Amino acid sequence: MATGLSSILEKKEYDRSDILAMLQCSEEESPILYRRAVTVRDRYIGNSIYLRGLIEYSNICGKNCLYCGIRRENHKVDRYTLTNDEVIEAALTAYRLNFGSIAIQSGENPSTAYVDNMEELIRTIRKLTRGQLGITLSLGEQTRETYQRWFNAGAHRYLLRIEAASEALYRRVHPDDDLHRYHRRLECLKIIQETGYQTGTGVMVGLPYQTMTHLADDLIFMRDFNIDMCGMGPFIEHSDTPLGARGTDNLFLKERFNLTLRMIAIIRIIMKDINIVASTAMQTIDPAGREKAISSGANVVMPNLTPDKYRPGYRIYEGKPGFNEINKTNISGLNFDLIPGTTLGLGVWGDTPHYNRRLSGR
Ligand code: SF4
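Since this is a predicted model, take the numbers as computed values, not measurements.

J.: Explain the site of the ligand to me, please; I cannot follow it from the model alone.
T.: All residues adjacent to the ligand are C61, K63, C65, Y67, C68, I70, R71 and G107. Grouping the amino acids of the shell around the ligand by side-chain chemistry returns five nonpolar, one polar and two charged.

Next comes the structure, spelled out in structure tokens:
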């Protein structure tokens, strides 16, 4: 006889109560959830794990999110911006190592100089790599014109995390001012999608004030928004932020980690053919965190290509690894003994089939 979880997994469509039940399944049942997610991934998009070489371009940010280590008012951070030569060298490293794609991430900066320079960088990288290196951007909220210019220059994926799909929760973890408006974030996500990017979003798992219902609604939000990519991670306090001022609690970190595995598995099961990141934040809590995320349905990792000397400056949460996890014999840094049945997808962009399906309205 099917258990509660097994009978839910037999369904073709999942409502809110199904999603809540999956989130709250017992520890004994959770491997069933993870195994199903892997089966769905392998069936709909294959067993390849794709790479996005991460370039943390600048830690200068105009925003002040209450959880983030590089928020504007953290004056303990040494601010930096990579030179264009450093960005291009990192991109060429990804190209030479056959990564297929890079992801450029940065604090939010809407200045004309920043927008112009990024456009130039995107064009240069595309030219130097003969259009073969995919470019994902994660550069925050920008104007429609800026999103369009960067898209025209050759970027084709954009990740903007909603962080919390509930407006009430969003407001509790962001300052109450015009720079941090939930509806503006939502509007930006829509503009990104309308511009033509493969569009990604995600949430933090284990935020203060967050409930299981919030998490279920986060998953429903992502499904209803019809996203192409998902990047989720456990909330990890940073002691130099308002939300981290009370310190960290390792016991709860493990719970957040396990809940994130469930979130990954469920988004895989309900959306099937999207790209899902196994985040570095998972690895911060558990050395095998990324492999466990892959064994729960994720299919993308982002090895860090930021020059070593800048890495301590991009601690958005405490304990973020600053080490160089890649080497010539293992460019992903993954332990494939822990993820049998998967393979590295090298030299390709690793696009999601969901994107083309969304565009064609199927
Ligand atoms: S989360 Fe992003 S937008 Fe908010 S302070 Fe950090 S870098 Fe800036």
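J.: Quick question: what am I supposed to make of the side chain of T195 here?
T.: As for its position among the elements, T195 is in helix α8 (residues 182–195). On the accessibility criterion, T195 (10% relative accessible area) is buried. Within the local environment of T195, its side chain forms a polar contact with the backbone oxygen of I191, the two atoms lying 2.6 Å apart. With residues up to four places along the chain from it excluded, the contact list for T195 reads Y147, Q148 and F151.

J.: Explanation requested: helix α3 (residues 30–44) in the structure shown.
T.: A turn of α-helix holds 3.6 residues, and therefore any two residues three or four places apart point the same way. Taking 1.5 Å as the rise per residue, α3 with 15 residues should run 21 Å; its terminal C-alpha atoms sit 21 Å apart, in good agreement. If you check which residues of α3 are buried, you get S30, L33, Y34, A37, V38, V40 and R41. Buried residues of α3 fall within an arc of 160° about the axis and therefore sit on the same side. For α3, exposure combined with an orientation more than 90 degrees from the buried face picks out R35 and R43. Just beyond α3, the residue with positive phi is G46, at close to 95°.

J.: Hey, could you run me through the packing of aromatic side chains in this one?
T.: Describing an aromatic ring pair means giving the distance of the ring centres and the angle of the ring planes. Counted under the stated rule, the structure contains eight aromatic pairs. With a centroid separation of 5.4 Å and 70° between ring planes, the pair formed by Y170 and Y182 is classed as edge-to-face. Here Y170 is found in helix α7 (residues 167–172), whereas its partner Y182 is found in helix α8, with 12 residues between them in sequence. Judged on exposure class, the residue Y170 and its partner Y182 are both buried.

J.: For this particular structure, what's the right way to read the sheet that holds strand β3 (residues 101–106)?
T.: Strand pairing in a sheet takes place through backbone hydrogen bonds and is either antiparallel or parallel in direction. Taken in spatial order, the seven strands of this open sheet run β2-β3-β4-β5-β6-β8-β10, and their pairing is parallel. Each having just a single partner strand, β2 (53–58) and β10 (275–276) make up the two edges of the open sheet. Across five bridges, the pairing between β3 and strand β4 (residues 134–138) is parallel. Residue I102 lies in a different strand from β4, and its bridge partner there is I135. Helix-sheet contacts for α8 involve β5 (157–159) and β6 (198–201), and the interaxial angle to β6 is about 155°.

J.: Whenever I open this one, the sheet that holds strand β1 (residues 48–51) confuses me. Can you help?
T.: The three strands are arranged β11-β1-β12 in an open sheet whose pairing can be described as parallel. Two strands close off the open sheet at either side, each with one partner strand: β11 (300–301) and β12 (343–345).

Rules used in this analysis
- Residues numbered from 1 in each chain as written.
- Predicted model: local features only at pLDDT ≥ 70, side-chain atom pairs only at ≥ 80, totals over all residues.
- Heavy atoms only, no water.
- Near = heavy atom within 4 Å.
- Nonpolar A, V, L, I, M, F, W, Y, C, P; charged D, E, K, R; others polar.
- Helix = DSSP H or I, 4+ residues; strand = E, 2+ residues; numbered from the N terminus.
- Buried < 20%, exposed > 50% of the residue type's maximum accessible area, 1.4 Å probe, protein only.
- Polar contact = N/O pair within 3.5 Å; in protein donor to acceptor, adjacent residues only side chain to side chain.
- Contact = heavy atoms within 4.5 Å.
- Expected span 1.5 Å × (residues − 1).
- Arc of directions from axis to C-beta.
- Phe/Tyr/Trp six-rings, centres within 6.5 Å; stacked < 30°, edge-to-face > 60°.
- Pairing = 2+ DSSP bridges.
- Axes fitted to C-alpha atoms, helices over the stretch in contact; angles between N-to-C directions.

These values are about where atoms sit, not about what they do.
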